[in-house]
Amino acid sequence: IAVTPNPFKIGSDYQIMITNIPYDSKIKIMNLSGLVVKEFVYSSNNKRINWDGKSDSGDYLSTGIYLLTAYSALNNSTGVTKLAVVR
């Protein structure tokens, strides 16, 4: 999994591009306490998601480090990366 831009600067960067995603994946963005702040179900062959940096509740993420995980049950593959957010 790759994330660009990283760090994501809210206010100056338009969106986050998440690439190299396994087909039929569940993607979760978590804070370092393990709280899931955003979740995607991804079933496209495009291998890319454009995301605005907002949580599931509609608010921009706070400044910090987040973990981005992807799991595909279809081919039993996982991926993890870090995302830095500056607000």
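Rules of the game
- Each chain has its residues counted from 1, following the order in which its sequence is written.
- Reporting in this predicted model follows two pLDDT cut-offs: at least 70 for local features of residues, and 80 or more for side-chain atom pairs to be given and counted; totals over whole chains, interfaces and linings ignore these cut-offs and use all residues.
- Excluding hydrogens and water, the side-chain values take into account all heavy atoms of the structure.
- The helix and strand labels rest on DSSP assignments: H or I over at least four residues marks a helix, E over at least two residues marks a strand, and numbering proceeds from the N terminus.
- Working rule for contacts: check all heavy atoms of both residues, and any pair within 4.5 Å makes them a contact.
- Strand pairing follows a simple DSSP-based rule, namely that at least 2 bridges must link the two strands.
- Axis lines are fitted through C-alpha atoms, for helices just across the contact stretch, and the angle between N-to-C directions can take any value from 0 to 180 degrees.

Trainee: Explain the side chain of Thr 19 to me, using residue names and the numbers behind them.
Mentor: On the secondary structure map, Thr 19 appears in strand E3 (residues 16–19). When near neighbours in sequence (up to four residues on either side) are disregarded, Thr 19 contacts Ile 1, Ala 2, Lys 47 and Arg 48.

Trainee: Outline the sheet that holds strand E5 (residues 36–42), listing residues and values.
Mentor: Across the sheet, which stays open at both edges, the five strands sit in the order E2-E8-E7-E4-E5 with mixed pairing between neighbours. Across the chains shown, the open sheet's two edge strands, defined by having one partner strand only, are strand E2 (8–9) and E5. For E2 and strand E8 (residues 77–86), the ladder comprises two bridges, and the chain directions are parallel. Looking across to E8, one finds that Lys 9 is bridged to Val 86.

Trainee: Provide a residue-level description of the sheet that holds strand E1 (residues 2–4), including the pertinent values.
Mentor: Here three strands make up an open sheet; going across it, the order is E1-E3-E6 and the pairing antiparallel. Since the sheet does not close on itself, it has two edges, and those belong to E1 and strand E6 (48–51), each with one partner. Strand-to-strand, the axes of this sheet are offset by a mean angle of 15°, without reference to chain direction.

Trainee: Report on unusual backbone geometry, specifying residues and quantitative values.
Mentor: With the exception of glycine, the majority of residues adopt a negative phi angle, and the majority of peptide bonds are in the trans configuration. Following Thr 4, the chain continues into Pro 5 via a peptide bond in cis, with omega recorded as -10°. Within the secondary structure, Pro 5 is located in the loop between E1 and E2. Residue Asn 6 is joined to Pro 7 through a cis peptide bond whose omega torsion reads 20°. Assignment of secondary structure puts Pro 7 in the loop between E1 and E2. Even without glycine at this site, Asn 20 takes up a positive phi of about 60°. Tracing the backbone shows Asn 20 in the loop between E3 and strand E4 (25–31).

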